[in-house]
Amino acid sequence: MSSRGFPWALLGIAATSDARAVRSAYAARIKAMDLDSDVEGYAQLRSARDAALRLARTMPPPGTEQAAEPDLEHDWQPVPETVAPQAQQDLPESVATPEPLAPQWPHGAPTLAGEWQADPALSARPAEPQGDELLGRVSPEPAASSQTANREAPAPGGAYPFAVPLLDGFENAAAVGQKSEQSPFTLLATMLDVDAPDLSPMDDDEEARARTLLAEVLETVHMSDISRQGEVETWLAGLLANAWPRSAPLLEDAAAAFEWEREWGKIDARPAIEYLGARLRGYRFERKVQQKDHRYHKAWAELARPGKAGPLRHLRANGADVRGLLAGIRKHFPELEERLDAQRITSWESGNSWVTGTIVLAGLIILGFLVSLGDSRGSGPDARAQALAATVADVFGLPHDAEWLRQHQPELAAKLADSAQFTPDGKADLTASMKRGLDIVRGRAYLVGRHLDGEDFETTMRLRLALLKAAQADSILACHIMMTSASPPPTTLVPLEVRGTERAFYASLASRGLLKVPDKLEGSSASVPGVLVAEVIAATKLSKQEVGLAMQGKSSDAHRCAATVALLEATLDWKGEGRQAILQTL
Amino acid sequence: MLIGIDLGTTNSAVAIWQDGEARLVPNALGELLTPSAVSIAKDGQAWVGTPALDRMAVHPQDTATSFKRMIGTQRTACLAGKEYKPEDLSAIVLGALARDVEALTGEKPTEAVITVPAYFNDRQRKATRRAGELAGLSVRRLINEPTAAALAFGLKDKGDREPFLVFDLGGGTFDVSVVEMFDGIVEVRASAGDNRLGGDDFDEVLAAFAKPRVDPEGLLASVPDERREALLKRAAETCRRALSSASEAKFALTIGETRLSAIVTEAEFETACEPLIRRLRDPVVRALRDCAIEAAELSDVVLVGGATRMPVVRKAITRLFGRFPNSSVHPDHAVALGASIQAGLVGRDAALEEIRITDVCPFTLGIEVAENDRYGGLQRGLFSPIIERNTPVPVSRVSSYSTMGDGQKQIEFGIYQGEAREVSGNVKLGQIAVPVPPRPAGEVSAEVRFSYDSSGLLEVDVFVPLSGKNHNLIIVDEEDRPGTRDIEKRRAALAKLKFHPREEAGNAALMARAERAYEDHIGEMRQMIGHWITQFAGALDTQDPRRIADARDFLAGHLGEIDTSSPL
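The residue numbering used here restarts from 1 in each chain and proceeds along that chain's sequence as written. Chains carry letters and ligands carry numbers; both start at the beginning, A for chains and 1 for ligands, and go up in the order they are written. Note on the predicted model: pLDDT of at least 70 is required for a residue's local features to be given, and 80 or more for side-chain atom pairs to be given and counted; whole-chain, interface and lining totals, by contrast, use all residues.

**Quick word on the overall build of chain B**
Step number 1: Helix and strand labels come from DSSP, where a helix needs a run of H or I of at least four residues and a strand needs a run of E of at least two; each type is numbered from the N terminus. Helices and strands together make up the secondary structure of chain B, namely 14 helices and 28 strands.
Step number 2: The exposure scheme places C-beta atoms from the backbone and then counts, for each residue, the other C-beta atoms within 10 Å of its own, assigning buried at 20 or more, exposed at 12 or fewer, and partly exposed in between. Burial statistics for chain B: of 568 residues in total, 51% are counted as buried.

**As for the overall build of chain A**
Step number 1: Counting its secondary structure elements, chain A contains 31 helices and zero strands.
Step number 2: Contact between two residues is assigned when their C-beta atoms, built from the backbone, lie within 7 Å. Taking as baseline every contact in chain A between residues at least 6 positions apart, the subset at least 24 positions apart corresponds to 67%.

**Some details on unusual backbone geometry**
Residues and elements named next belong to chain B.
Step number 1: In this model, valine 393 is joined to proline 394 through a cis peptide bond whose omega is 0°.
Step number 2: Positive phi values are uncommon outside glycine, yet serine 66 reaches one of about 50°.
Step number 3: One can find serine 66 in the loop between β7 (63–65) and β8 (77–79).

**Here we look at the packing of helix α14 (residues 248–258) of chain A against helix α15 (residues 271–289) of chain A**
Residue and element names in this part refer to chain A.
Step number 1: Contact pair α14 / α15: the axes reach a minimum separation of 10 Å and the direction vectors enclose 115°. Viewed along their axes, α14 and α15 form a crossing whose handedness is left-handed. Touching Ala248, Leu251, Glu252 and Ala255 of α14 are Leu276, Arg279, Leu280 and Tyr283, all from α15. To define axes, lines are fitted to C-alpha atoms, for helices over the stretch in contact only, and angles between the resulting N-to-C directions are given on a 0 to 180 degree scale. Should the near helix be turned counterclockwise from the far one by less than a right angle, the crossing is left-handed, whereas a clockwise turn marks it as right-handed.

**Section: the pairing of strand β25 (residues 445–452) of chain B**
Side chains on a regular strand alternate between the two faces of the sheet.
Residue and element names in this part refer to chain B.
Step number 1: Note on pairing: two strands pair once DSSP finds at least 2 bridges between them. With eight bridges connecting them, strand β22 (residues 395–402) and β25 associate as antiparallel partners. Residue serine 400 lies in a different strand from β25, and its bridge partner there is glutamate 447.
Step number 2: The sheet contact formed by β25 and strand β26 (residues 458–464) spans six bridges and is antiparallel. From the neighbouring strand, valine 448 faces β26, where its bridge partner is valine 462.

**Considering the confidence of the model for chain B**
Detail in the predicted coordinates should be disregarded across regions flagged by low pLDDT.
Step number 1: With 96% of its residues at a pLDDT of 70 or more, chain B shows a mean pLDDT of 89.
Step number 2: Reported confidence for the predicted complex is 0.83 by ipTM and 0.68 by pTM. For every residue, the pLDDT score states the predictor's confidence, bounded by 0 at the bottom and 100 at the top.

**A few points about the sheet that holds strand β18 (residues 356–361) of chain B**
Residues and elements named next belong to chain B.
Step number 1: Taking strand neighbours across the sheet as the criterion, the six strands line up as β17-β12-β13-β14-β18-β21 in an open arrangement whose pairing is mixed. Every other strand in the sheet has two partners, leaving β17 (301–304) and β21 (391–393) as the edge strands with one partner each. Strand-to-strand twist in this sheet, taken as the mean axis angle between neighbours without regard to direction, amounts to 30°.
Step number 2: Pairing analysis gives seven bridges linking strand β12 (residues 161–169) to strand β13 (residues 174–182), with the strands arranged antiparallel. Looking at β13, one finds that leucine 169 is bridged to phenylalanine 174.

**With respect to the nonpolar core**
Step number 1: Grouped together as the largest cluster of nonpolar side chains are 187 residues, with contacts concentrated most on Ala149, Ala152 and Val302 of chain B.
Step number 2: Ranked by residues supplied to this core, first place goes to helix α2 (residues 86–105) of chain B with nine residues.
Step number 3: Not counting the four nearest positions on each side in its chain, alanine 149 of chain B is found in contact with Val166, Asp168, Val302, Val304, Val329, Ala334, Val335 and Gly338 of chain B.
Step number 4: Linking buried Ala, Val, Leu, Ile, Met, Phe, Trp, Tyr and Cys residues through C-beta atoms within 7 Å yields a set, and such a set is a nonpolar core. Formed by 36 residues, the second largest nonpolar core is a distinct cluster that contains Ala189, Ala210, Leu250 and Ala255 of chain A.

**Structural notes on helix α23 (residues 410–418) of chain A**
Helical periodicity: at 3.6 residues per turn, an α-helix aligns residues three or four positions apart in one direction.
Residues and elements named next belong to chain A.
Step number 1: Taken residue by residue, α23 has Leu412, Ala413, Leu416 and Ala417 as its buried positions. Down the axis of α23, the buried set is contained in an arc of 140°. They therefore lie on one face. Across α23 from its buried face, at more than 90 degrees, point the exposed residues Pro410 and Glu411. In this description, one arc is meant: the one made by directions from the helix axis to the C-beta atoms.

**Details of the sheet that holds strand β20 (residues 378–387) of chain B**
Residue and element names in this part refer to chain B.
Step number 1: Taking strand neighbours across the sheet as the criterion, the four strands line up as β20-β19-β23-β24 in an open arrangement whose pairing is antiparallel. Each edge of the sheet is formed by a strand with only one pairing partner; in this case those strands are β20 and β24 (427–435). Going across the sheet, the axis of each strand differs from the next one's by a mean of 35°, ignoring polarity.
Step number 2: Across seven bridges, the pairing between strand β19 (residues 365–372) and β20 is antiparallel.

**Here we look at the environment of alanine 304 of chain A**
All names here are of chain A.
Step number 1: Mapping alanine 304 onto the fold places it in helix α16 (residues 297–304).
Step number 2: Separated by 39 residues in sequence, alanine 304 and glutamine 343 place their C-alpha atoms 9.9 Å apart.
Step number 3: Once residues lying within four places of it in the same chain are set aside, the contact partners of alanine 304 are Arg339, Leu340 and Asp341.

**Thoughts on the environment of alanine 48 of chain A**
Residues and elements named next belong to chain A.
Step number 1: Its place among the elements puts alanine 48 in helix α3 (residues 39–58).
Step number 2: Looking at alanine 48, the number of C-beta atoms within 10 Å reads 23, which means it is buried.
Step number 3: As a C-alpha pair, alanine 48 and leucine 11 span 37 residues in sequence and 6.9 Å in three-dimensional space.
Step number 4: The contacts of alanine 48, once residues within four sequence positions are left out, are Phe6, Pro7, Leu10 and Leu11.

**Quick word on helix α1 (residues 50–58) of chain B**
All names here are of chain B.
Step number 1: When you tally the buried positions in α1, you get eight out of nine residues, the bulk of the element.
Step number 2: Turning to α1, its buried residues number three or more, namely Thr50, Pro51, Ala52, Leu53, Asp54, Arg55, Met56 and Ala57.
Step number 3: On its buried face, α1 sits against β4 (34–35), β5 (37–40), β6 (45–48), β7, α6 (225–243) and α12 (502–520).

**Here we look at the packing of helix α29 (residues 544–551) of chain A against helix α30 (residues 557–572) of chain A**
Residue and element names in this part refer to chain A.
Step number 1: At a minimum axis distance of 9 Å, the contact between α29 and α30 shows a crossing angle of 90°. When the axes of α29 and α30 are compared, the pair comes out roughly perpendicular. Across the interface between the two elements, Glu546, Val547, Ala550 and Met551 of α29 pack against His559, Arg560 and Ala563 of α30.
Step number 2: Of the residues contributing to the contact of α29 with α30, the split by class is four nonpolar, one polar and two charged. Convention used here: angles under 35 degrees read as roughly parallel, angles over 145 as roughly antiparallel, angles from 65 to 115 as roughly perpendicular, and any remaining angle as oblique. Only Asp, Glu, Lys and Arg are considered charged in this grouping, and only Ala, Val, Leu, Ile, Met, Phe, Trp, Tyr, Cys and Pro are considered nonpolar; every other residue, Gly among them, is considered polar.

**Notes on the environment of leucine 412 of chain A**
All names here are of chain A.
Step number 1: Note that leucine 412 resides in helix α23.
Step number 2: Each C-alpha atom, one on leucine 412 and one on glycine 513, is 9.5 Å from the other, the two residues being 101 residues apart in sequence.
Step number 3: In this view, leucine 412 contacts Leu405, Ala510 and Leu515; residues no more than four positions away in its chain are not counted.

**Some remarks on the confidence of the model for chain A**
Residue and element names in this part refer to chain A.
Step number 1: Mean pLDDT over chain A: 71, with 69% of residues reaching 70 or higher.
Step number 2: Of all helices and strands in chain A, the one with the weakest mean pLDDT is helix α7 (residues 128–138) (34), whereas helix α2 (residues 19–31) scores best (91).
Step number 3: Predicted confidence for residues 65–180 stays below pLDDT 50, and this span has 181 contacts to residues more than four positions away or in other chains.
Step number 4: Per-residue pLDDT stays below 50 along residues 352–379; that stretch engages in 58 contacts with residues further than four places along the chain or on separate chains.

Below, the structure written as structure tokens:
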């Protein structure tokens, strides 16, 4: 019966336990076909052969065949993946792909070796969910970590899965006169024992001893064959992952010996090794940031201080650096947040609510974040009117007032009124309201203006350049925020003449009713001619490759900022074909 | 006529399938291996192979070697003031090999099977194919080097073989393939490799190690870059070769009238090579893991590639596998022989009727996607595999993707090859933008089909069900598609190069060798060689065949003597 179904029919043989017969049948079939013209047939034949070989292995030898057959049918027929490998590939509803591999590792390592660079996508991520995740992760629970450490041999209940095979395997120790109980493997495992709850950092003596033991282990690896190396590698990865963070000082040597760095960030990286990779990079970063010349050293020191930060905190650390540091470690090394003081982080973050509300998308601007979250409870209509009046005057300049705006752009007027900000006691917070209003108008003006023509388009782009330059002069983060949100943060000083141009332009747009919510929001791309690239290189002093990466959004914020400003400037003074398309991407 | 070519980093070879067997074709100098070196003088005179290598010492600015390492990149080499792409230089070597076949058989070869490292990416493969076209050869198939070697090894007795591992460490690339044979089917189970690791790297390590010792006063710093490179490279190569048979060797070079030399011991070399040796392990582990075969199950470890002759490499292999490797195939010939067997297969030769070969795609191919993460953010630049690595080829796979933006009008597909989870760590092969009808996010889907053929070349089709349109992707990469006209133009430019007529090739090569010897020596010996060169040049001028033959024997004899007694 089964001989008529898959895979036997395709191979043209009866069900058999003889692997040779299967392979011969496969060979005969494949010689009869032209692989290049029958790709599908070849794929089917392959899967038939593989399935048949597997079946053959589980089949009883000839003679007992009959008794066992029903079972086999039952076992094997419902295995769809061998029948139709194609079906698996189709993911009609998914946005892009299913969950990334090893979803139990949300902190999966980025491909950046070493430490992270400030990344565009990280300047505004809400902190709480990650924090919670994190606590669960770093706590050295044996059950949780044994699952992390060893995919092949999950050990229920946190039992130590490696001890037995390892002692068996370590025959060399006896050969050189060591007792097997004293093998460096056993000793190292004892030092890093997961069953003992003592996962405190090692003291200097312990660390030195552990390093010696590890060196001995690695020495035996060096001399052994590939299978043995594989065993030790799996064992060691599991051991170190289980014992994190106690094992931290050992990671560097172990990673170097097995070249784990090659595996980090790969699609099929083994979970324990991927985990160690992420930890090791965090560990490296932690050591680097403690050095005085590190960019984030001050921010780190500030956040590590216990207790709330006072109003003078800005004297001790630069706000942009603190935000950059927090965003960076939350994205790349979430476990490091534990080393910082939670209270102090909170006090820094509460003063910077404008950052946390921003959703930043590389190359694509979403207007949504500008929608006001202003709390209007308890504030009277007077306070709101006051805020709106101030906002309109600030954004469009006098003599424009709220009435004028309502006439020309009622929707925008309502929006600005909605986004008025209030102090806790119900009064209008004029500064905050004006800032929000300006953000909204700047965002709209830019998104609308880049699709306008002629003078309007020119003004939009020149204003963008002026704002970018102002932001660049402030800080890299400010420039980054400007690039992704069309409005620089409040720390940026915008020159008065630029503000003047802005007011006139925005008023002109509003009087024509153009400051609407843009109906299309697509990213765009354009190719940049060599002559402009050359100008960017000259202006930024970056290498050609660095400029290329910056233009693709793949390099540091500093480079991207410099390249964007330079390219915008060069393109504005340039008259070649595709000018508008290039400007629209900037 | 269909020929098989091993286009190597250091050496190339050509073989033909004739009368039921594979046969190597000697070059004009009677050598079976032609060094992959090209030298071009200002007047367009060109040398290929050993004479080009000899000219390296005297005219480094005219000479290029190891250009295979640059193939598939934008880099060019400047010879006698003119820019040449790596594929141009490869084409010159391929052309020379084709002429060797023509000289032997009297028939001009028109088609070829060319070998490439298994781990060559799509760009490198396309560039290699272009090189063949530039040389006037229609490339019927690109075949992976370890696969070719496996064919040569496996077909020795045509018997069945349990899985064996081909360990192919060439001049510039490293490949590992696990292969088995059954009933005439040669099946590659898995391949892995490192396309930036080879014998050249061992030379570089040796040169870097020996440089401070041989030149403590920094004399080399005053030598022009190209020349310094050439000097160090040759000294390293000679020293490395010597270390294969002795426990210590001289690292020696001559700058003008000064002779520098230092002793390097085997142990020192081994220590210096340690980081390279360590890189040999990973591809082996990956290949074995991908086909789920234990190292102990392997029936053999077959060594291919000149660099596997190094004792330091052999030692490492013996240690890795816990056994001695099989060196029954000629490490420099196996690949070319295998290529000619493949040529016989492509030509459906009757003697090979019972043989079939199946290969795999050694790396993962896929596209760039974005994903919403659990915090509501958008993660861009992620890699979504379509063809997993070590899938048997030819293969065709489909995956579906959908839009992420409302009213999105087109989808951009970045096509990548590699194993990294983020595309920035992979090789970008190209890009296609497909217009789609604007709809709310997620409502438009596109089916992406990747087809990977037996030569390892990729084709991409995108089908949008909503519009019913199919977009066939010619990979958008300027380098990748010079029109037929461009190829013709380039071919015409290369055709202007002058090569020595076959009967004079020996003389030209001898002259280059003598000039190199002149550079290598100092003092009286140098004067003597100079004298011989003048004599030989005088004999050539007479155009009297007898006198030329006498002068050639004389010069060759003396150079031979010098070489054997030379400290180099």
